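Residue-level structure breakdown
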Amino acid sequence: MNATSLRMDAPNFEAIVAAHQRIVPYIHRTPVVTSASLDEIAGARLFFKCENLQRTGSFKIRGATNAVFSLTDEEARHGVVAPSSGNHAAALALAARWRGIPAYIVMPSNSSAAKMRAVENYGGRITLCEPNMASREATCAEVMKKTGAHLVHPYNDARVIAGQGTAALELLEEVGDLDVVITPASGGGLLSGTSIAAKNMRPGIRVIGGEPSNADDAYRSLAAGKIQPAAKGETMADGLRAELCPLTFSILQSFVDEISLVSEEEITAAMLLLWERTKLVVEPSGAVSAAPALNRRIRAEGKKIGIVLSGGNLDLRKLPF
(Lines give C-alpha, C1' and ligand atoms only; values in the text may rest on other atoms or scores of the structure.)
Protein backbone atom coordinates (compact mmCIF):
# COMPACT_ATOMS: atom_id res chain seq x y z
CA MET A 1 0.00 0.00 0.00
CA ASN A 2 1.09 3.55 -0.72
CA ALA A 3 -1.01 6.27 0.87
CA THR A 4 1.00 8.98 -0.90
CA SER A 5 -0.53 7.90 -4.22
CA LEU A 6 -4.08 8.85 -3.18
CA ARG A 7 -5.61 11.58 -5.33
CA MET A 8 -7.08 14.69 -3.75
CA ASP A 9 -10.48 14.05 -5.39
CA ALA A 10 -10.87 10.60 -3.79
CA PRO A 11 -13.78 10.33 -1.35
CA ASN A 12 -13.02 9.94 2.35
CA PHE A 13 -14.78 7.88 5.00
CA GLU A 14 -17.00 10.82 5.95
CA ALA A 15 -18.28 10.91 2.37
CA ILE A 16 -19.26 7.25 2.64
CA VAL A 17 -21.12 7.86 5.90
CA ALA A 18 -22.94 10.81 4.31
CA ALA A 19 -23.74 8.70 1.25
CA HIS A 20 -25.29 6.03 3.46
CA GLN A 21 -27.52 8.56 5.17
CA ARG A 22 -28.54 9.92 1.75
CA ILE A 23 -29.47 6.58 0.16
CA VAL A 24 -31.01 4.74 3.13
CA PRO A 25 -34.59 5.71 2.16
CA TYR A 26 -34.18 4.09 -1.26
CA ILE A 27 -32.03 0.96 -1.01
CA HIS A 28 -32.32 -2.37 0.74
CA ARG A 29 -30.08 -3.12 3.70
CA THR A 30 -29.13 -6.50 2.30
CA PRO A 31 -28.68 -9.52 4.58
CA VAL A 32 -25.40 -11.12 5.62
CA VAL A 33 -25.63 -14.88 5.05
CA THR A 34 -23.45 -17.66 6.48
CA SER A 35 -23.04 -21.34 5.62
CA ALA A 36 -21.35 -23.93 7.83
CA SER A 37 -20.61 -26.17 4.84
CA LEU A 38 -18.93 -23.35 2.91
CA ASP A 39 -16.94 -22.45 6.03
CA GLU A 40 -15.63 -26.01 6.04
CA ILE A 41 -14.62 -25.80 2.38
CA ALA A 42 -12.85 -22.46 2.93
CA GLY A 43 -11.31 -23.39 6.28
CA ALA A 44 -12.55 -20.02 7.52
CA ARG A 45 -15.73 -18.28 8.64
CA LEU A 46 -17.42 -16.62 5.66
CA PHE A 47 -19.93 -13.77 5.83
CA PHE A 48 -21.67 -13.07 2.53
CA LYS A 49 -23.06 -9.54 1.99
CA CYS A 50 -25.89 -10.28 -0.42
CA GLU A 51 -25.96 -7.42 -2.89
CA ASN A 52 -27.44 -9.92 -5.35
CA LEU A 53 -30.64 -9.25 -3.38
CA GLN A 54 -30.30 -5.47 -3.74
CA ARG A 55 -32.70 -3.32 -5.77
CA THR A 56 -31.98 -3.68 -9.51
CA GLY A 57 -30.10 -6.85 -8.58
CA SER A 58 -26.71 -5.36 -7.74
CA PHE A 59 -24.69 -2.99 -5.57
CA LYS A 60 -24.72 -0.43 -8.39
CA ILE A 61 -27.90 1.20 -7.08
CA ARG A 62 -25.90 2.48 -4.10
CA GLY A 63 -23.47 4.59 -6.13
CA ALA A 64 -26.02 5.68 -8.69
CA THR A 65 -28.47 6.84 -6.02
CA ASN A 66 -25.82 8.74 -4.10
CA ALA A 67 -24.63 10.47 -7.27
CA VAL A 68 -28.12 11.40 -8.45
CA PHE A 69 -29.24 12.77 -5.10
CA SER A 70 -25.94 14.63 -4.61
CA LEU A 71 -26.65 16.77 -7.68
CA THR A 72 -27.84 20.32 -7.24
CA ASP A 73 -31.18 21.18 -8.80
CA GLU A 74 -29.33 23.01 -11.57
CA GLU A 75 -27.07 20.03 -12.28
CA ALA A 76 -30.03 17.63 -12.28
CA ARG A 77 -32.32 19.82 -14.38
CA HIS A 78 -31.48 18.17 -17.70
CA GLY A 79 -31.13 14.64 -16.36
CA VAL A 80 -28.18 12.26 -16.18
CA VAL A 81 -26.25 10.23 -18.73
CA ALA A 82 -23.89 7.27 -18.56
CA PRO A 83 -22.28 4.71 -20.83
CA SER A 84 -23.14 1.25 -19.52
CA SER A 85 -24.21 -2.12 -20.85
CA GLY A 86 -25.18 -3.63 -17.55
CA ASN A 87 -25.97 -3.08 -13.89
CA HIS A 88 -25.03 0.63 -13.72
CA ALA A 89 -27.43 1.34 -16.58
CA ALA A 90 -30.41 -0.09 -14.74
CA ALA A 91 -29.36 1.47 -11.43
CA LEU A 92 -28.98 4.96 -12.87
CA ALA A 93 -32.32 4.71 -14.66
CA LEU A 94 -34.10 3.83 -11.41
CA ALA A 95 -32.27 6.43 -9.32
CA ALA A 96 -33.15 9.10 -11.88
CA ARG A 97 -36.79 8.01 -11.81
CA TRP A 98 -36.81 8.41 -8.03
CA ARG A 99 -35.55 11.96 -8.43
CA GLY A 100 -37.95 12.68 -11.27
CA ILE A 101 -35.33 13.41 -13.95
CA PRO A 102 -34.53 11.68 -17.25
CA ALA A 103 -31.73 9.12 -17.59
CA TYR A 104 -29.97 8.74 -20.93
CA ILE A 105 -28.10 5.44 -21.19
CA VAL A 106 -25.56 4.74 -23.93
CA MET A 107 -25.51 0.98 -24.53
CA PRO A 108 -23.50 -1.10 -27.04
CA SER A 109 -25.56 -2.52 -29.87
CA ASN A 110 -24.70 -6.05 -28.75
CA SER A 111 -26.12 -5.58 -25.24
CA SER A 112 -28.49 -8.32 -24.17
CA ALA A 113 -32.17 -7.76 -24.84
CA ALA A 114 -32.90 -8.54 -21.18
CA LYS A 115 -30.59 -5.76 -19.97
CA MET A 116 -32.07 -3.25 -22.41
CA ARG A 117 -35.58 -4.16 -21.29
CA ALA A 118 -34.57 -3.65 -17.66
CA VAL A 119 -33.23 -0.16 -18.42
CA GLU A 120 -36.38 0.76 -20.30
CA ASN A 121 -38.60 -0.65 -17.55
CA TYR A 122 -36.89 1.68 -15.07
CA GLY A 123 -37.51 4.63 -17.40
CA GLY A 124 -34.09 4.89 -19.03
CA ARG A 125 -33.80 6.31 -22.55
CA ILE A 126 -31.36 4.18 -24.54
CA THR A 127 -29.00 5.35 -27.28
CA LEU A 128 -27.12 2.55 -29.00
CA CYS A 129 -23.44 2.72 -29.95
CA GLU A 130 -20.88 0.42 -31.49
CA PRO A 131 -19.44 -2.15 -29.05
CA ASN A 132 -16.10 -0.43 -28.46
CA MET A 133 -14.79 2.17 -26.02
CA ALA A 134 -14.27 4.91 -28.62
CA SER A 135 -17.86 4.70 -29.82
CA ARG A 136 -19.21 4.63 -26.27
CA GLU A 137 -17.32 7.78 -25.33
CA ALA A 138 -18.18 9.62 -28.54
CA THR A 139 -21.87 8.71 -28.34
CA CYS A 140 -22.03 9.69 -24.69
CA ALA A 141 -20.48 13.07 -25.53
CA GLU A 142 -23.06 13.58 -28.28
CA VAL A 143 -25.94 12.81 -25.92
CA MET A 144 -24.52 15.18 -23.30
CA LYS A 145 -24.19 17.96 -25.88
CA LYS A 146 -27.70 17.41 -27.19
CA THR A 147 -29.50 17.09 -23.85
CA GLY A 148 -27.32 18.93 -21.33
CA ALA A 149 -27.47 15.85 -19.12
CA HIS A 150 -24.97 15.44 -16.27
CA LEU A 151 -22.49 12.56 -16.59
CA VAL A 152 -22.62 9.90 -13.87
CA HIS A 153 -19.78 7.56 -14.79
CA PRO A 154 -20.03 3.95 -13.57
CA TYR A 155 -16.87 4.28 -11.42
CA ASN A 156 -14.82 7.37 -12.34
CA ASP A 157 -16.87 9.50 -9.95
CA ALA A 158 -16.18 10.14 -6.26
CA ARG A 159 -19.92 10.24 -5.48
CA VAL A 160 -20.41 6.82 -7.05
CA ILE A 161 -17.40 5.38 -5.19
CA ALA A 162 -18.72 6.74 -1.88
CA GLY A 163 -22.08 5.12 -2.52
CA GLN A 164 -20.51 1.77 -3.33
CA GLY A 165 -18.57 1.92 -0.05
CA THR A 166 -21.82 1.76 1.90
CA ALA A 167 -22.10 -2.01 1.36
CA ALA A 168 -18.88 -2.56 3.33
CA LEU A 169 -20.04 -0.01 5.90
CA GLU A 170 -23.15 -2.09 6.56
CA LEU A 171 -21.19 -5.35 6.55
CA LEU A 172 -18.71 -4.12 9.17
CA GLU A 173 -21.50 -2.62 11.27
CA GLU A 174 -22.98 -6.12 11.42
CA VAL A 175 -19.74 -8.14 11.68
CA GLY A 176 -17.23 -5.77 13.20
CA ASP A 177 -14.29 -8.11 13.72
CA LEU A 178 -13.63 -9.25 10.15
CA ASP A 179 -10.04 -10.10 9.29
CA VAL A 180 -10.50 -9.88 5.51
CA VAL A 181 -12.99 -8.37 3.08
CA ILE A 182 -13.23 -9.34 -0.60
CA THR A 183 -15.04 -7.69 -3.49
CA PRO A 184 -14.72 -8.09 -7.25
CA ALA A 185 -12.21 -5.86 -9.07
CA SER A 186 -13.21 -4.24 -12.36
CA GLY A 187 -13.22 -0.50 -12.96
CA GLY A 188 -12.56 -0.32 -9.24
CA GLY A 189 -15.57 1.58 -7.91
CA LEU A 190 -16.80 -1.09 -5.49
CA LEU A 191 -13.31 -2.16 -4.45
CA SER A 192 -12.29 1.49 -3.93
CA GLY A 193 -15.29 2.33 -1.77
CA THR A 194 -14.95 -0.92 0.15
CA SER A 195 -11.27 -0.32 0.87
CA ILE A 196 -11.86 3.22 2.18
CA ALA A 197 -14.71 2.11 4.43
CA ALA A 198 -12.97 -1.03 5.68
CA LYS A 199 -9.58 0.53 6.43
CA ASN A 200 -11.24 3.36 8.38
CA MET A 201 -13.54 1.10 10.39
CA ARG A 202 -10.97 -1.63 11.03
CA PRO A 203 -7.42 -0.49 10.17
CA GLY A 204 -5.88 -3.95 10.42
CA ILE A 205 -8.26 -5.59 7.95
CA ARG A 206 -6.95 -7.04 4.68
CA VAL A 207 -8.78 -5.79 1.59
CA ILE A 208 -8.66 -8.12 -1.39
CA GLY A 209 -10.02 -7.82 -4.90
CA GLY A 210 -11.12 -10.92 -6.77
CA GLU A 211 -10.41 -10.81 -10.49
CA PRO A 212 -10.74 -13.29 -13.38
CA SER A 213 -7.41 -14.52 -14.70
CA ASN A 214 -8.76 -13.75 -18.18
CA ALA A 215 -9.39 -10.08 -17.23
CA ASP A 216 -6.44 -9.37 -14.97
CA ASP A 217 -5.67 -5.71 -15.68
CA ALA A 218 -6.14 -4.61 -12.04
CA TYR A 219 -3.65 -7.28 -10.93
CA ARG A 220 -1.15 -6.23 -13.60
CA SER A 221 -1.68 -2.52 -12.91
CA LEU A 222 -0.93 -2.77 -9.20
CA ALA A 223 2.07 -4.99 -9.90
CA ALA A 224 3.46 -2.55 -12.48
CA GLY A 225 2.66 0.62 -10.54
CA LYS A 226 0.75 2.10 -13.48
CA ILE A 227 -2.52 1.41 -15.27
CA GLN A 228 -2.25 -1.45 -17.74
CA PRO A 229 -4.53 -2.06 -20.75
CA ALA A 230 -7.45 -4.43 -20.50
CA ALA A 231 -6.73 -8.11 -21.09
CA LYS A 232 -7.83 -9.54 -24.42
CA GLY A 233 -9.15 -12.81 -22.98
CA GLU A 234 -12.83 -13.71 -22.67
CA THR A 235 -14.48 -14.22 -19.29
CA MET A 236 -17.97 -15.21 -18.24
CA ALA A 237 -17.71 -12.42 -15.64
CA ASP A 238 -18.66 -9.84 -18.26
CA GLY A 239 -19.28 -7.17 -15.61
CA LEU A 240 -15.55 -7.17 -14.75
CA ARG A 241 -14.10 -6.10 -18.09
CA ALA A 242 -13.83 -2.38 -17.35
CA GLU A 243 -10.41 -0.74 -17.02
CA LEU A 244 -9.20 1.15 -13.97
CA CYS A 245 -9.16 4.94 -14.16
CA PRO A 246 -6.59 7.21 -12.45
CA LEU A 247 -9.01 7.88 -9.56
CA THR A 248 -9.75 4.25 -8.71
CA PHE A 249 -6.16 3.19 -9.37
CA SER A 250 -4.90 5.68 -6.79
CA ILE A 251 -7.34 4.36 -4.19
CA LEU A 252 -6.45 0.74 -4.88
CA GLN A 253 -2.74 1.57 -4.63
CA SER A 254 -3.37 3.25 -1.28
CA PHE A 255 -5.67 0.76 0.45
CA VAL A 256 -5.92 -2.62 -1.31
CA ASP A 257 -3.64 -5.38 -0.04
CA GLU A 258 -3.99 -7.96 -2.79
CA ILE A 259 -5.66 -8.90 -6.07
CA SER A 260 -6.48 -12.61 -6.18
CA LEU A 261 -6.87 -14.16 -9.64
CA VAL A 262 -9.37 -16.96 -10.27
CA SER A 263 -9.99 -19.17 -13.28
CA GLU A 264 -13.22 -19.54 -15.25
CA GLU A 265 -13.63 -23.00 -13.74
CA GLU A 266 -13.28 -21.59 -10.23
CA ILE A 267 -15.89 -18.91 -10.96
CA THR A 268 -18.34 -21.57 -12.18
CA ALA A 269 -17.64 -23.75 -9.15
CA ALA A 270 -18.23 -20.81 -6.78
CA MET A 271 -21.57 -20.04 -8.45
CA LEU A 272 -22.66 -23.65 -8.07
CA LEU A 273 -21.58 -23.85 -4.43
CA LEU A 274 -23.44 -20.66 -3.56
CA TRP A 275 -26.54 -21.91 -5.33
CA GLU A 276 -26.44 -25.36 -3.76
CA ARG A 277 -25.38 -24.47 -0.22
CA THR A 278 -27.03 -21.06 0.34
CA LYS A 279 -29.77 -21.10 -2.35
CA LEU A 280 -28.42 -17.75 -3.63
CA VAL A 281 -28.37 -16.96 -7.35
CA VAL A 282 -25.17 -15.01 -7.97
CA GLU A 283 -23.93 -13.79 -11.34
CA PRO A 284 -20.38 -14.75 -12.43
CA SER A 285 -19.02 -11.28 -11.57
CA GLY A 286 -20.35 -11.64 -8.03
CA ALA A 287 -19.01 -15.16 -7.60
CA VAL A 288 -15.51 -13.87 -8.38
CA SER A 289 -15.38 -12.42 -4.85
CA ALA A 290 -16.24 -15.79 -3.29
CA ALA A 291 -13.86 -17.90 -5.37
CA PRO A 292 -10.57 -16.82 -3.68
CA ALA A 293 -11.82 -17.87 -0.25
CA LEU A 294 -13.52 -21.07 -1.42
CA ASN A 295 -10.29 -22.11 -3.15
CA ARG A 296 -8.10 -21.07 -0.19
CA ARG A 297 -6.12 -18.66 -2.36
CA ILE A 298 -5.72 -15.86 0.19
CA ARG A 299 -3.95 -17.43 3.19
CA ALA A 300 -6.84 -16.76 5.55
CA GLU A 301 -7.58 -20.15 7.10
CA GLY A 302 -9.17 -19.77 10.52
CA LYS A 303 -10.02 -16.11 9.84
CA LYS A 304 -13.31 -14.23 9.48
CA ILE A 305 -13.85 -13.21 5.86
CA GLY A 306 -16.45 -10.78 4.56
CA ILE A 307 -17.45 -11.34 0.94
CA VAL A 308 -19.52 -8.89 -1.10
CA LEU A 309 -21.66 -10.83 -3.57
CA SER A 310 -21.96 -7.92 -5.95
CA GLY A 311 -24.92 -8.95 -8.09
CA GLY A 312 -27.44 -11.57 -9.12
CA ASN A 313 -28.44 -10.52 -12.62
CA LEU A 314 -27.90 -13.90 -14.22
CA ASP A 315 -29.68 -15.05 -17.39
CA LEU A 316 -30.86 -18.48 -16.24
CA ARG A 317 -31.36 -19.50 -19.89
CA LYS A 318 -27.61 -19.11 -20.48
CA LEU A 319 -26.02 -20.80 -17.50
CA PRO A 320 -22.26 -21.46 -17.74
CA PHE A 321 -22.68 -25.05 -16.46
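Every value quoted in this text rests on a predicted model; they were computed, and no experiment measured them.

Each value, and the rule that gives it
- Residues numbered from 1 in each chain as written.
- Predicted model: local features only at pLDDT ≥ 70, side-chain atom pairs only at ≥ 80, totals over all residues.
- Heavy atoms only, no water.
- 1 Å grid on protein atoms, 1.4 Å probe; cavity = no way out; pocket = protein on both sides within 12 Å on 5 of 7 lines; lining within 4 Å.
- Points joined across faces, edges and corners; volume = space filled by probe spheres on them.
- Nonpolar A, V, L, I, M, F, W, Y, C, P; charged D, E, K, R; others polar.
- Helix = DSSP H or I, 4+ residues; strand = E, 2+ residues; numbered from the N terminus.
- Buried < 20%, exposed > 50% of the residue type's maximum accessible area, 1.4 Å probe, protein only.
- Pairing = 2+ DSSP bridges.
- Core = buried A, V, L, I, M, F, W, Y, C linked by side-chain atoms within 4.5 Å.
- Contact = heavy atoms within 4.5 Å.
- Phe/Tyr/Trp six-rings, centres within 6.5 Å; stacked < 30°, edge-to-face > 60°.
- Axes fitted to C-alpha atoms, helices over the stretch in contact; angles between N-to-C directions.
- Expected span 1.5 Å × (residues − 1).

Here we come to empty space enclosed by the protein. In total, this model carries two cavities of 30 Å³ or more according to the counting rule given. Approximately 40 Å³ is the volume attributed to the largest cavity. Along the walls of the largest cavity sit Ala42, Ala44, Ala293, Arg296, Ile298, Arg299, Ala300, Glu301 and Ile305, which together make up its complete lining. Within this model, the second largest cavity holds a volume of roughly 30 Å³. Every residue lining the second largest cavity is listed: Met271, Trp275, Leu280, Val281, Val282, Leu314 and Phe321. Of the residues that constitute the lining of the second largest cavity, the class distribution is seven nonpolar, no polar and no charged.

So, about unusual backbone geometry. Despite not being glycine, Lys279 has its phi angle at roughly 65 degrees, a positive value. Within the element layout of this structure, Lys279 appears in the loop between helix 13 (264-278) and helix 14 (284-287).

Counting buried positions along strand 2 (residues 45-50) yields five of six residues, so the element is predominantly enclosed. Of the pairings in the sheet, the one linking strand 1 (residues 32-33) to strand 2 comprises two bridges and is antiparallel in character. Its bridge partner lying in strand 2, Val33 is registered against Phe48. Summarising the sheet, strand 2 and strand 10 (residues 304-309) pair through six bridges and their orientation is parallel. Paired with Cys50 across the two strands is Leu309, which belongs to strand 10.

With that settled, the discussion passes to the nonpolar core. In this structure, Leu46, Phe48, Ile182, Ile298, Ile305, Ile307 and Leu309 are the most contacted members of the largest nonpolar core, which totals 31 residues. Breaking this core down by element, the ones donating at least two residues are helix 2 (36-42), strand 2, strand 7 (180-184), helix 13, helix 15 (291-294) and strand 10. With five residues, the single largest contributor to this core is helix 13. Apart from the residues within four sequence positions on either side, Ile305 is in contact with Ala44, Arg45, Leu46, Phe47, Leu178, Val180, Ile182, Ala293, Ile298 and Ala300. Membership of the second largest hydrophobic core comes to 25 residues, among which are Ile61, Ala91, Ile105 and Val160.

On to the packing of aromatic side chains. Under the definition given, this model contains two aromatic pairs. Residues Tyr26 and Phe69 carry aromatic rings whose centres are separated by 4.5 Å and whose planes lie at 25 degrees to one another, so their mutual orientation is stacked. With Tyr26 in the loop between helix 1 (13-23) and strand 1 and Phe69 in helix 3 (residues 60-70), this pair connects stretches of sequence that are 43 residues apart. Looking at Tyr26, the relative accessible area reads 23%, which means it is partly exposed. Classification of Phe69 as partly exposed rests on a relative accessible area of 22%. Joined through ring pairs, the aromatic side chains of Tyr26, Phe69 and Trp98 make up one cluster.

So, about the sheet that holds strand 3 (residues 80-83). Read from one edge of the open sheet, four strands run 5-4-3-6, paired in parallel fashion. Each edge of the sheet is formed by a strand with only one pairing partner; in this case those strands are strand 5 (125-129) and strand 6 (150-151). In the sheet, strand 3 pairs with strand 4 (residues 103-108) via four bridges, with the strands oriented parallel. The residue bridging Val81 from the neighbouring strand is Tyr104, located in strand 4.

Locating Asp157 in the fold gives a position in the loop between strand 6 and helix 8 (158-164). Residue Asp157 is classed as buried on the basis of its relative accessible area of 8%. Separated by 120 residues in sequence, Asp157 and Arg277 place their C-alpha atoms 36 Å apart. Once residues lying within four places of it in the same chain are set aside, the contact partners of Asp157 are Leu151, Val152 and Leu247.

The six strands lie next to each other as 1-2-10-7-8-9, forming an open sheet whose pairing is mixed. At either margin of the open sheet sits one strand with a lone partner, and together these are strand 1 and strand 9 (258-262). As paired strands, strand 7 and strand 8 (residues 206-212) are joined by five bridges and run parallel to one another. Across the sheet, Ile182 pairs through a bridge with Ile208, a residue of strand 8. This element, helix 13, spans strand 1, strand 2, strand 8, strand 9 and strand 10 of the sheet and lies at about 90 degrees to strand 9.

All right, on to helix 5 (residues 87-99) then. If you check helix 5, its first and last C-alpha atoms are 19 Å apart, about what 13 residues at 1.5 Å a residue would give, namely 18 Å. Of all 13 residues in helix 5, ten are buried; the element is thus mostly enclosed. Looking at helix 5, one finds that the buried residues are Asn87, His88, Ala89, Ala90, Ala91, Leu92, Ala93, Leu94, Ala95 and Ala96. On its buried face, helix 5 is in contact with helix 3, strand 3, strand 4 and helix 6 (113-121).

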